[in-house]
Amino acid sequence: YRDDDDINDVASMAGVNLNEESARIMATNSDLVGTQIQSCKDEPFLAAIPLHKRILETAKKLGITDVPAEVVTFISHATQSRLRTVIEKVTVITQHRMESYKDDEWYEQATDVRSQLKFFEQLERLEKQRKDEQEREILLKAAKSRSRQEDPEQARLKQKAKEMQQQELAQMRQRDANLTALAAIGPRKKRKLDSPGLLAVGGEGLGVCGGGQAGAGTPPSRQYARQKITRVNLRDFIFYMEQERETSHSLLLYRALLK
């Protein structure tokens, strides 16, 4: 049996107990009850005094004599936002430039410029070696000639052949001396990075691997991940300025292209 007033009670008709719901809400947010929340202090990104002086110098040229502090704060925040946007876009450009698609299964290599350059360098080296051999044979023939009537050109070739032989002999002596010094020094020993007692430099600090706890040849139990650094160069920044409408025809872009 229900009274006529219960017909208008939608919560009761839906089976919701308001007292229980209120108690549950108070229990959930009990740590927030009685606390006071306020906004953080608005700190400008740029130094306020030098920025205010710079704005006043620019404003006086336009006939403005008074610039309130709110304008300085607004320009400081706008500069911070603009700088953040520029850094984010240039970082994305740099990451795209550093991406490598050699190991991607959806890409296949069409041309290899580096291999082509190495091939041309090898051809030039062989051509230079062939010309040197021909010149050497000519000089040796001129040095072995026994003609009584020698012209100045023949004498010059003999002198050049003599200098070439002396240079080859000096190179052979230098090579033999280097081989003797390397044999006396002995083979180089590689440094063991995982040996106990070495300092392990990680991202969280400097730790010493103790020799008593870790056995010989035992790798360190904890490896620190190296932080990835994105290096932006001038070419990335020029590409960013070329894509932006505000800087695509600016004087700053032309100055950067001249460097």
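What you see is a predicted model; the values in this text were computed from it and never measured.

Turning our attention to the overall build of the protein. Broken down by element type, the protein carries eight helices and two strands. From first element to last, N terminus to C terminus, the protein shows the α and β order α-α-α-α-α-α-β-β-α-α. For the protein, with 259 residues in total, the buried portion stands at 10%. If you sum the accessible surface of the protein, you get close to 24000 Å²; carbon and sulfur atoms cover 54% of it.

Of the volumes computed, that of the second largest pocket is approximately 260 Å³. Lining of the second largest pocket is provided by Tyr 101, Lys 102, Tyr 107, Glu 108, Gln 109, Thr 111, Asp 112, Val 113 and Arg 114. Classifying every residue of the lining of the second largest pocket by side-chain character gives three nonpolar, two polar and four charged.

Attention shifts here to the pattern of salt bridges. Oppositely charged side chains are able to pair whenever their charged atoms sit close together. For the structure shown, the criterion picks out five salt bridges. For Asp 236, the salt bridge identified is with Arg 97, shortest N-O distance 2.8 Å. Residue Asp 236 is found in helix H7 (residues 234-243), and its partner Arg 97 is found in helix H4 (residues 69-98); the two are separated by 139 residues along the sequence. Given a relative accessible area of 3%, Asp 236 falls into the buried group. Note that Arg 136 is salt-bridged to Glu 168, the shortest N-O span being 2.9 Å. With a gap of 32 residues between them, Arg 136 in helix H5 (residues 113-144) and Glu 168 in helix H6 (residues 152-185) connect regions that are remote in the sequence. In this structure Arg 136 comes out as partly exposed when scored by relative accessible area, which is 30%.

Let's shift gears to the packing of aromatic side chains. Inspection of every chain in the model, using the stated rule, returns two aromatic pairs. Seen from their ring centres, Phe 237 and Tyr 240 are 6.0 Å apart, and the 40 degrees between their planes marks the pair as tilted. Here Phe 237 pairs with Tyr 240, and both are found in helix H7, just three residues apart, close to one helical turn. According to the relative accessible area criterion, Tyr 240 is buried, its value standing at 3%.

A cluster of nonpolar side chains, Val 113, Leu 117, Phe 119, Phe 120, Leu 123 and Leu 126, forms an exposed patch at the surface whose accessible area comes to about 590 Å². Structurally, the position occupied by Leu 123 is in helix H5.

Taken N-terminus to C-terminus, the directions of helix H3 (residues 48-61) and H4 make an angle of 105 degrees; their axes are 10 Å apart at the nearest point. Looking at the two axes, H3 sits roughly perpendicular to H4. Residues Ala 48, Leu 51, His 52 and Ile 55 of H3 lie in contact with H4, whose contacting residues are Val 72, Ile 75 and Ser 76. Residue composition of the contact of H3 with H4, by class: five nonpolar, two polar and no charged.

This part is about the confidence of the model for the protein. Here the protein shows a mean pLDDT of 77. Residues at 70 or above account for 71%. Within the model, pLDDT remains below 50 along residues 195-217, and this stretch shows 23 contacts once partners closer than five positions in the same chain are excluded.

This part takes up the nonpolar core. Judged by nonpolar contacts, Val 86, Val 90, Ile 93, Ile 238, Tyr 240, Met 241, Leu 253 and Ala 256 together constitute the single largest core of eight residues. Among the elements of the structure, H4, H7 and helix H8 (251-258) are those that each provide at least two residues to this core. Those residues in contact with Val 86 that lie beyond four places of it in its chain are Phe 237 and Tyr 240.

Here we take up the packing of H4 against H7. At a minimum axis separation of 9 Å, H4 and H7 run at an interaxial angle of 115 degrees. Once H4 is placed against H7, the crossing between them reads as right-handed. Across the interface between the two elements, Arg 82, Val 86, Lys 89, Val 90, Ile 93, Thr 94 and Arg 97 of H4 pack against Arg 235, Asp 236, Phe 237, Phe 239 and Tyr 240 of H7. Class assignment of the residues belonging to the contact of H4 with H7 gives a composition of six nonpolar, one polar and five charged.

The rules we used
- Residues numbered from 1 in each chain as written.
- Predicted model: local features only at pLDDT ≥ 70, side-chain atom pairs only at ≥ 80, totals over all residues.
- Heavy atoms only, no water.
- Helix = DSSP H or I, 4+ residues; strand = E, 2+ residues; numbered from the N terminus.
- Buried < 20%, exposed > 50% of the residue type's maximum accessible area, 1.4 Å probe, protein only.
- Areas by Shrake-Rupley, 256 points an atom, 1.4 Å probe, with all protein chains shown as cover.
- 1 Å grid on protein atoms, 1.4 Å probe; cavity = no way out; pocket = protein on both sides within 12 Å on 5 of 7 lines; lining within 4 Å.
- Points joined across faces, edges and corners; volume = space filled by probe spheres on them.
- Nonpolar A, V, L, I, M, F, W, Y, C, P; charged D, E, K, R; others polar.
- Salt bridge = Lys/Arg side-chain N within 4 Å of Asp/Glu carboxyl O.
- Phe/Tyr/Trp six-rings, centres within 6.5 Å; stacked < 30°, edge-to-face > 60°.
- Patch = residues over 30% accessible without salt bridge, like charges linked within 9 Å, V, L, I, M, F, W, Y side chains within 5 Å.
- Axes fitted to C-alpha atoms, helices over the stretch in contact; angles between N-to-C directions.
- Parallel < 35°, antiparallel > 145°, perpendicular 65-115°, else oblique.
- Contact = heavy atoms within 4.5 Å.
- pLDDT = per-residue confidence, 0-100.
- Core = buried A, V, L, I, M, F, W, Y, C linked by side-chain atoms within 4.5 Å.
- Left-handed = near helix turned anticlockwise from the far one by under 90°.

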